[in-house]
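# Reading the structure
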2 protein chains.
Amino acid sequence: MTAVHIVALGGGSGTRFWPVSRRSRPKQLLALDGKRTLLAATFERVESIAPVSSFWMVVGDEYAELCREAVPEIPAAQVLTEPQGRNTAPAIALAALHVKRKAEDAIMVVLPADHAVRDPKAFCAALKIAVKLAELGPIVTLGIEPTFAETGYGYIERGAADPKAEHAFAVKRFVEKPDPICAQAFLARGGFSWNAGIFVMRPSAYLAEVQRQLPELHAALQPVAAAIGTPAYNDALATAYESLTPVSIDKGVMEHAAEVAVVPVECGWSDVGSWNALKAVSDPDHAGNVIHGNAVVVDSNDCVVYSGDDQLVAVLGLEGVAVVHTPDATLVVPKKRAQEVREIIARIERQGWQRYL
Amino acid sequence: MTAVHIVALGGGSGTRFWPVSRRSRPKQLLALDGKRTLLAATFERVESIAPVSSFWMVVGDEYAELCREAVPEIPAAQVLTEPQGRNTAPAIALAALHVKRKAEDAIMVVLPADHAVRDPKAFCAALKIAVKLAELGPIVTLGIEPTFAETGYGYIERGAADPKAEHAFAVKRFVEKPDPICAQAFLARGGFSWNAGIFVMRPSAYLAEVQRQLPELHAALQPVAAAIGTPAYNDALATAYESLTPVSIDKGVMEHAAEVAVVPVECGWSDVGSWNALKAVSDPDHAGNVIHGNAVVVDSNDCVVYSGDDQLVAVLGLEGVAVVHTPDATLVVPKKRAQEVREIIARIERQGWQRYL
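All figures in this text were calculated on a predicted structure; none of them were measured in a lab.

### Regarding helix H6 (residues 203-213) of chain B
The complete set of buried residues in H6 of chain B reads Pro203, Ala205, Tyr206, Leu207, Glu209 and Val210 of chain B. Those residues of H6 of chain B hidden inside the fold are in contact with helix H3 (88-102), strand E4 (107-112), strand E6 (139-144), strand E9 (192-201) and helix H7 (215-227) of chain B.

What follows is the structure in structure tokens.
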């Protein structure tokens, strides 16, 4: 079987888990389940598909050290850093160059580093189908079976069944985040999956699409490719990134790629997008409360009660509220409005309280 | 005019302001308004009645140091410590012995050290009336005009107007904390005041009542009185307190005292009994939120948002909730249920988490 390489993308500096996530420690570096970081869990769940010697990550310069600490078994040379964030198309192109150089015939599995999966077995089974299909040429994406009319994700509409693999389909179209009416319609009609940003392909197949659709990106990265393994690498990388235009793999590559397939999967996937989604990584108690750290929970249901290991949160008489304690900052918000933490971050910035971010 | 001595009782170790109040720092030592401790404010508001050289406090041994720090201008010899808490009757008797020895003819004003008063002028005017009346013999108590049917306080029923002073009345009876029906009836009928634990009297008048009604307490304190100012004092105090039965001034002395008067007063008094009463010391903003420390308050009304000076609490979408942050513990509770913090304390104890108390 072809060698499989895993590439975790640890890009975002997201603030949706503030006050636990901070600029210095973004979401993928949080152990939201109290055991391992989302980044480490991303690798752990695919250990049956690839050995640790084939693990890679692409991370911002400033997080490289913390990412290495979070997954110490990863080969140091396979922690690829980006001088600036340029969205996913360049990050995956950078990884493709490195993986291709290391293993010409490899298949590359690209995974966001900050998601959760309840059923890793089903997830890996789908990835194996995707890997087999990718060996034949196309860029394959995993499509998450939608469970409700989410408007926060892009969707993938399936076309005909792919004759070359079971449980695989042609892609009819990629749809950007829909409005609520469209999302409802997608769910009702069927044949739509959530786009989870999971891609499986030969590096050469991806780079060929980049060359065709994003020729400037391809050209800018050529000096980087030539400098891999030489002292000139960092300078070449800095020069290239300086000039790059940010573009996502979805917009820049997938929407118009020549050969694309989707493998639908039900695996308890979550992008763990806010405190409201904490149940994706941590089981609620009998009253529906998800608890982390020391807690006294009296007469309260359906809450998130979160603190550090040697800290205490006490709640009484609450319903559907997230309470998140850190030593210097606490957040309290109804779970359903947890995504509005963005407004709080904006106000903290306006107040000049950067020390809390 | 007779010399007036102020005695602040800083007894309780109360937990009603947990997690800000801890065993090591009870309520009277909190600066709930962000400016001064309740203890310091207790003295400040009566500065027009007595000089600091006539200020006294009675506190538990373990809090003596913090109390001295909170009111550094108080003469060191006038910080009276108790080896154990024995409720108010012994604490006031101890103060009476000391004040009497220092100033035979003084009037003693006994004040709980953890209350708030919005209108110190009205408060002091009432105290002045009480002082004048006490010079003639009776034990005088201030009666707070009730503003609602509170069941958490004792009540004082007024009798006939006292011919010896304006705005003073005989006391018909002291009533223990009533049930809600009685409290409503008191309010409807009028002539009832809240018992705020504020007493004005000659030390000798109080000690005479103690001798008559609590002869064991009186006898036990004689060796202490004899040892004041000698090296034997601390041992005498320890021996006496060891044997004392706890008893309140209300039950032990006032209910059956021979000569008692009440001076009703409207002065914005509060016993600051829970987080729900924080508005008694700190003004709410336009949305009814009482805020202490750094706070981001979005779309929230009628909340208490409390943290230390260099800490941040962010709330969004809350109504009538108290959020209290400390570095190692946070409390979130609907304001109306703030007194149930007792249940939380009990659970913390059962969990063996004494470090948070």
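### Digging into the domain arrangement of chain A
All names here are of chain A. Each domain of chain A was delimited in the assignment, giving domain 1 (4-270) and domain 2 (275-356). Here the C-alpha centre of domain 2 lies 29 Å away from the C-alpha centre of domain 1. Along the lines of polarity and charge, the residues of the side of domain 1 that touches domain 2 split into 6 nonpolar, 3 polar and 2 charged.

### Brief notes about the nonpolar core
Ranked by internal contacts, the top residues of the largest apolar core, which has 257 residues, are Val323 of chain A together with Val7 and Val323 of chain B. Apart from the residues within four sequence positions on either side, valine 323 of chain A is in contact with Cys303, Val304, Val305, Tyr306, Val313, Val315 and Val332 of chain A together with Thr330 and Val332 of chain B.

### Let's talk about the relation of the copies chain B and chain A
Superposing chain B onto chain A takes a rotation of 180° combined with a translation of 0.0 Å along the rotation axis, leaving an RMSD of 0.1 Å. These values place the two chain copies in the arrangement generated by a two-fold rotation axis. Nearest to the rotation axis, the C-alpha of proline 327 of chain B is located 2.1 Å from it, this being the minimum over chain B.

### Let's talk about the packing of helix H3 (residues 88-102) of chain A against helix H6 (residues 203-213) of chain A
Residue and element names in this part refer to chain A. Where H3 meets H6, the axes come as close as 9 Å, and the angle between the chain directions of the two elements is 135°. As summarised for this structure, H3 and H6 are arranged oblique, according to the angle between their axes. Crossing geometry of H3 relative to H6 is assigned as left-handed. Mapping the contact onto sequence places Ile92, Ala93, Ala96, Val99 and Lys100 in H3 and Pro203, Ser204, Tyr206, Leu207 and Val210 in H6. Residue composition of the contact of H3 with H6, by class: 8 nonpolar, 1 polar and 1 charged.

### Quick look at the pairing of strand E17 (residues 329-334) of chain A
Burial within E17 of chain A is extensive, with 5 of its 6 residues counted as buried. Relative to E17 of chain A, strand E16 (residues 321-325) of chain A runs antiparallel, the two sharing 5 bridges. Within E17 of chain A, the position partnered with alanine 322 of chain A by the bridge is valine 333 of chain A. Linking E16 of chain A back to E17 of chain A in an antiparallel pair, the connection comprises 3 residues. Pairing analysis gives 4 bridges linking E17 of chain A to strand E15 (residues 312-316) of chain B, with the strands arranged parallel. Across the sheet, the residue bridging to threonine 330 of chain A is valine 313 of chain B, located in E15 of chain B.

### Notes on the interface of chain B and chain A
The interface is formed by 29 residues belonging to chain B together with 29 residues belonging to chain A. Broken down by secondary-structure element, the contributors of at least two residues to the side of chain B that touches chain A are strand E13 (294-298), E15, strand E16 (321-326), strand E17 (329-334) and helix H10 (341-350) of chain B. Counting residues per element, the side of chain B that touches chain A draws most heavily on E17 of chain B, which supplies 6 residues. Here the residues of the side of chain B that touches chain A are counted per class, giving 19 nonpolar, 5 polar and 5 charged.

### Re the packing of helix H7 (residues 215-227) of chain A against helix H8 (residues 233-243) of chain A
All names here are of chain A. As a packed pair, H7 and H8 sit with axes 8 Å apart at the nearest point and diverge in direction by 165°. As judged from the angle between their axes, H7 and H8 are roughly antiparallel. The hand of the H7/H8 crossing is left-handed. Residue-level contacts link Ala220, Leu221, Pro223, Val224 and Ala227 of H7 to Tyr233, Ala236, Leu237, Ala240 and Ser243 of H8. Split by residue class, the contact of H7 with H8 holds 9 nonpolar, 1 polar and no charged.

### Here we look at the environment of alanine 183 of chain B
Residue and element names in this part refer to chain B. Mapped onto the fold, alanine 183 is located in helix H5 (residues 180-189). Alanine 183 gets classed as buried once you count the C-beta atoms within 10 Å, which come to 21. Along the backbone, alanine 183 and alanine 149 are 34 residues apart, and their C-alpha atoms lie at a distance of 4.9 Å. Other than its neighbours up to four places away in sequence, alanine 183 contacts Ala149, Glu150, Thr151 and Pro178.

### Quick word on the environment of arginine 337 of chain A
All names here are of chain A. Relative to the helices and strands, arginine 337 resides in the loop between E17 and helix H10 (341-351). Since 20 C-beta atoms lie within 10 Å of it, arginine 337 is described here as buried. In the structure, arginine 337 is positioned 246 residues away from alanine 91 in sequence and 32 Å away in space, judged by C-alpha atoms.

### Some points on the sheet that holds strand E13 (residues 294-298) of chain A
Read across the open sheet, the 6 strands follow the order E13(A)-E15(A)-E17(B)-E16(B)-E14(B)-E12(B); overall the sheet is mixed. For this open sheet the edge positions go to E13 of chain A together with strand E12 (290-292) of chain B, each flanked by a neighbour on one side alone. The sheet shows a mean angle of 5° between the axes of neighbouring strands, taken without regard to direction. Note that E16 of chain B and E17 of chain B share 6 bridges and pair antiparallel. Contacts from H10 of chain B reach E13 and strand E15 (312-316) of chain A together with E17 of chain B, with the element oriented near 135° to E13 of chain A.

What counts and how
- Residues numbered from 1 in each chain as written.
- Chains lettered and ligands numbered in written order.
- Predicted model: local features only at pLDDT ≥ 70, side-chain atom pairs only at ≥ 80, totals over all residues.
- Buried ≥ 20, exposed ≤ 12 C-beta atoms within 10 Å, placed from the backbone.
- Helix = DSSP H or I, 4+ residues; strand = E, 2+ residues; numbered from the N terminus.
- Contact = placed C-beta atoms within 7 Å.
- Domains from an automatic or database assignment.
- Nonpolar A, V, L, I, M, F, W, Y, C, P; charged D, E, K, R; others polar.
- Core = buried A, V, L, I, M, F, W, Y, C linked by C-beta atoms within 7 Å.
- Least-squares fit on C-alpha atoms with pLDDT ≥ 70 in both.
- Axes fitted to C-alpha atoms, helices over the stretch in contact; angles between N-to-C directions.
- Parallel < 35°, antiparallel > 145°, perpendicular 65-115°, else oblique.
- Left-handed = near helix turned anticlockwise from the far one by under 90°.
- Pairing = 2+ DSSP bridges.

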